[in-house]
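# Breakdown of the fold
Here is how the chains run, residue by residue.
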Amino acid sequence: MNYSACTSILIGAKATMDGSVIIGRNEDAKAAWPKHFVVHPAKTATTPQQFVSTDNGFTMPLPTHAAKYTATPEWTDKYGLFEEDGINEYGVAMSATESTYSNERVLGADPLVKDGIGEEAMVTVVLPYVKTAREGVARLGQLIELYGTSESNGILFADQQEAWYLETGAGHYWVAQRIPDNGYAVIANQMAIQAIDFNDPTNFMFARHLQDFVAENHLNPHSDRFIWREIFGTQDQSDLYYNTPRVWYGQQVLTPAVQQEPQSFTLPFIQYADHLLAVDDAQAFLSSHYEETPYDPVGAGTDEQKHRFRPISLAKTQESHVLQLRPNMEPALAGIQWLAMGVAAQSVYVPFYTGIDETPAAYHLGAATYDAESAYWVYKLVSVLLDAHYHEAWPTVSAVQKDLRIAFKQSVQHTDAVASQLTGPELSHYLTQQATANAALGIRRYRELAATLITQATDLGPLNYQQDLNL
């Protein structure tokens, strides 16, 4: 299985309208490769526990107690679990991806560990065992140092106070940076973190002996500073078409006052928005495709312009998520996993509270072949129908998306008001009911939408004929 690319966003608490910490990501692989959505209950074992990868055979011991957490695993574990993203019962959110490319000089000095910990295992062996985002960074970092990693990764962490971004340089080396409370970061498939301050433990964490490794192998092109992405990352032609344009577009939308070029290697890792941000902004970014620029694949640019850059939301997106941690609430209510199955630009983000006991049955279904009962395939079907006649069908799809966004916002407001009066099993039962209702509404509206698009398409085929009655 080839896991190719993802796009991520992290937003600090003081950069949002309501004080939420927000992280989000598109999970991209293949155009037809379903995801499921599950809740793992808390577990306490009486015997030693072990993780075993079905992908590369990687094994490691696990703590006997695992917290409850949500996750989006693959439809098959043949290539590994790839649980990818979720929120645990302590209000810690995590999203892991193979999102970075490593410098060949680094790989020569510290080669890939083929049986080490990979993307497919990271959420599973970290998220159930940590109580803060900082603890999550520390645990994963220790595992990478101990076992090594078989690829280069970018991993997002968040709790109600802060967001962190961790990057692996392949092998045993990693670094993590705290996102400033008033800042944000958008990331594509390249090393993003810049200057490391080794004397600032509040905002940076890193592998032991990282500086020694770089010095001993003569990897740093500068004598007076340590720029992580220049040492461990790439700056080549593929970046200019595949990676930097996505970062440029996100920063242009959120910080339009700063003028930059889409093919620039100097785009900053940390940026500051021109206005306070909301969940809507994160969702809009992850579902974007260079709208209002010549590079939009369905826009008005030339054919060359429309296919010049790799878009953010694209057909290979399996699911897109925005993990929101709201302030001054207990974790069961604070965390909302906004989940869009399939292509975010053509799907809709459904809210699921951390406190739910289970996910709807439709989110447990779906394999490589179309299944009308699967949530993934319900949303994917609309994408396929839309793509066949995009400009004719888009107004209809867009109207349904707007209706559902409004309905889900109203649902969250109503749920907050009712749930604030509940505790214990009564609370989790109510949150599960609300999640089930929201999921059912999204699926019902998208099934109706598919029926509408099929009906409209019957008159749009190439064998259609309009007779001129004047002949």
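Keep in mind that what you see is a predicted model, and the values were worked out from it rather than measured.

### Side note on the packing of helix α2 (residues 119-126) against helix α3 (residues 133-147)
- One way to put it is that α2 packs onto α3 with a least axis distance of 10 Å and a crossing angle of 130°. With respect to α3, the element α2 is oriented oblique. Between α2 and α3 the crossing geometry is right-handed. Across the interface between the two elements, M122, V125 and V126 from α2 touch G136, R139, L140 and L143 from α3.
- Residues belonging to the contact of α2 with α3 are distributed by class as follows: five nonpolar, one polar and one charged.

### Quick notes on the pairing of strand β2 (residues 21-28)
- Summarising burial for β2: eight of the eight residues are buried, a large majority.
- Residues V21, I23, R25 and E27 line one face of β2 and the alternating positions I22, G24, N26 and D28 line the opposite face, and both faces are buried.
- Note that β2 and strand β16 (residues 317-325) share eight bridges and pair antiparallel. Looking at β16, one finds that I23 is bridged to L323.

### What about the packing of aromatic side chains?
- Tallied over the entire structure, the rule returns 24 aromatic pairs.
- Judged by centre distance (5.5 Å) and plane angle (80°), the ring pair of Y249 and Y290 falls under edge-to-face. Note that Y249 is positioned in helix α7 (residues 244-254) and Y290 in the loop between α8 (279-286) and α9 (303-306), a separation of 41 residues in sequence.
- A centroid spacing of 5.2 Å and a plane angle of 85° characterise the contact between Y376 and W377, whose relative ring orientation is edge-to-face. The pair formed by Y376 and W377 is uniform in burial state, with each residue classed as buried.
- Stacked on the ring of Y242, the Lys or Arg R246 has its end atom at 5.2 Å from the ring centre.
- Note that R308 overlies the ring of F309, its terminal NZ or CZ placed 5.9 Å from the centroid.

### A few points about the side chain of T432
- If you trace the backbone, T432 turns up in helix α13 (residues 424-457).
- Classification of T432 by relative accessible area gives buried; the value is 8%.
- Those residues in contact with T432 that sit more than four places away from it in its chain are I356, D357 and E358.

### Section: the pattern of salt bridges
- If you walk through the whole model with that rule in mind, you get 17 salt bridges.
- Among the salt bridges present, the one from E304 reaches R308, with a minimum N-O distance of 2.7 Å.
- When its relative accessible area of 45% is taken as the criterion, E304 is described as partly exposed.
- Across the pair R445 and D403 runs a salt bridge whose closest N-O atoms are separated by 3.6 Å. Of this pair, R445 sits in helix α13 while D403 sits in helix α12 (residues 390-419), and the two are 42 residues apart along the sequence.
- Residue classification places D403 among the partly exposed positions, given a relative accessible area of 40%.
- Linked by salt bridges that have partners in common, R134, E162, R178 and D181 make up one network.

### Quick look at α3
- For α3, built from 15 residues, the straight-helix expectation of 21 Å at 1.5 Å per residue is met to within 8% by its first-to-last C-alpha distance of 21 Å.
- If you check which residues of α3 are buried, you get A133, G136, V137, R139, L140, G141, L143, I144 and E145.
- Two residues or fewer after α3 comes G148, characterised by a positive phi angle close to 75°.

### A short note on α8
- For α8, the set of buried residues is V279, A282, Q283, F285 and L286. Projected onto a plane normal to the axis of α8, the buried residues spread over an arc of 160° and lie on a single side.

Thresholds applied
Residues numbered from 1 in each chain as written. Predicted model: local features only at pLDDT ≥ 70, side-chain atom pairs only at ≥ 80, totals over all residues. Heavy atoms only, no water. Axes fitted to C-alpha atoms, helices over the stretch in contact; angles between N-to-C directions. Helix = DSSP H or I, 4+ residues; strand = E, 2+ residues; numbered from the N terminus. Parallel < 35°, antiparallel > 145°, perpendicular 65-115°, else oblique. Left-handed = near helix turned anticlockwise from the far one by under 90°. Contact = heavy atoms within 4.5 Å. Nonpolar A, V, L, I, M, F, W, Y, C, P; charged D, E, K, R; others polar. Buried < 20%, exposed > 50% of the residue type's maximum accessible area, 1.4 Å probe, protein only. Pairing = 2+ DSSP bridges. Phe/Tyr/Trp six-rings, centres within 6.5 Å; stacked < 30°, edge-to-face > 60°. Lys NZ or Arg CZ within 6 Å of the ring centre and 35° of its normal. Salt bridge = Lys/Arg side-chain N within 4 Å of Asp/Glu carboxyl O. Expected span 1.5 Å × (residues − 1). Arc of directions from axis to C-beta.

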